[in-house]
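Survey of secondary and tertiary structure
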Amino acid sequence: MELLPGNWKNNDIDINSIPLNMLAHLGDAVYELYIRRKLIFSTKSISVLHETTTNLVNSQFHANLLDYLKPYLTENELNIIRRARNTNITVSKKKDQAVHRLSTSLEALIGYLYITDLQRLDELFSLTDKYLDKIN
């Protein structure tokens, strides 16, 4: 099974035709897979793995990470962040809408880069590694 369908590799699709909330949905899965892959090499306990994953895959952490990454983002990436932050989203009353919007915008960027530029996504994940080292 290929990681990316062939038409994505060949840039046969118009990335701008994909709604930002769909890119965020994809980006959420890609980010969680990145975190889980990273943690299985540093954790022996499944309960610690689950707890640490939960701490790193949530809207507040995403918002903090986005704040850290912003100085490293290109103008195009910042534009995706701005557009995704302003999309219509449904947020439960218990969640902070501003934080959730920032989280969604980071996920949209990750989804966008997953489709368009895996090398750039790897660069952002390397920066994320540095951020994780810094806070631990």
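Report follows, based on the coordinates.

What counts and how
- Residues numbered from 1 in each chain as written.
- Predicted model: local features only at pLDDT ≥ 70, side-chain atom pairs only at ≥ 80, totals over all residues.
- Heavy atoms only, no water.
- Salt bridge = Lys/Arg side-chain N within 4 Å of Asp/Glu carboxyl O.
- Helix = DSSP H or I, 4+ residues; strand = E, 2+ residues; numbered from the N terminus.
- Buried < 20%, exposed > 50% of the residue type's maximum accessible area, 1.4 Å probe, protein only.
- Expected span 1.5 Å × (residues − 1).
- Arc of directions from axis to C-beta.
- Contact = heavy atoms within 4.5 Å.
- Axes fitted to C-alpha atoms, helices over the stretch in contact; angles between N-to-C directions.
- Parallel < 35°, antiparallel > 145°, perpendicular 65-115°, else oblique.
- Left-handed = near helix turned anticlockwise from the far one by under 90°.
- Nonpolar A, V, L, I, M, F, W, Y, C, P; charged D, E, K, R; others polar.

1. Section: the pattern of salt bridges
Across all of its chains, the model carries five salt bridges by this definition. Glu32 is the partner of Arg36 in a salt bridge, and the nearest nitrogen-oxygen pair spans 2.7 Å. A residue pair is termed a helical-turn pair when its members lie 3 or 4 positions apart in one helix, as Arg36 and Glu32 do in helix α2 (residues 20–40) at four residues. You can call Glu32 partly exposed: its relative accessible area is 22%.

2. With respect to helix α7 (residues 118–135)
An α-helix turns once every 3.6 residues. As a result, residues three or four positions apart point the same way. Along its 18 residues, α7 runs 25 Å from first to last C-alpha, staying within 8% of the 26 Å computed at 1.5 Å per residue. Turning to α7, its buried residues are Arg120, Leu121, Leu124, Phe125, Leu127, Thr128, Tyr131 and Leu132. Buried residues in α7, looked at end-on, bunch into an arc of 160°, giving them a common side. Across α7 from its buried face, at more than 90 degrees, point the exposed residues Gln119, Lys130 and Asp133. Buried residues in α7 make contact with α2, α3 (46–56), α4 (59–69), α5 (75–85) and α6 (97–116).

3. Structural notes on the packing of α2 against α7
To describe two helices that pack against each other, one gives the angle between their axes and the distance between the axes. Interaxial distance between α2 and α7 falls to 12 Å at its minimum, and their mutual angle equals 55°. The angle between α2 and α7 falls in the class oblique. The interaxial crossing formed by α2 with α7 has right-handed handedness. Residues Val30, Tyr31, Tyr34, Ile35 and Lys38 of α2 pack against Leu121, Phe125, Thr128, Asp129 and Leu132 of α7. Residue composition of the contact of α2 with α7, by class: seven nonpolar, one polar and two charged.

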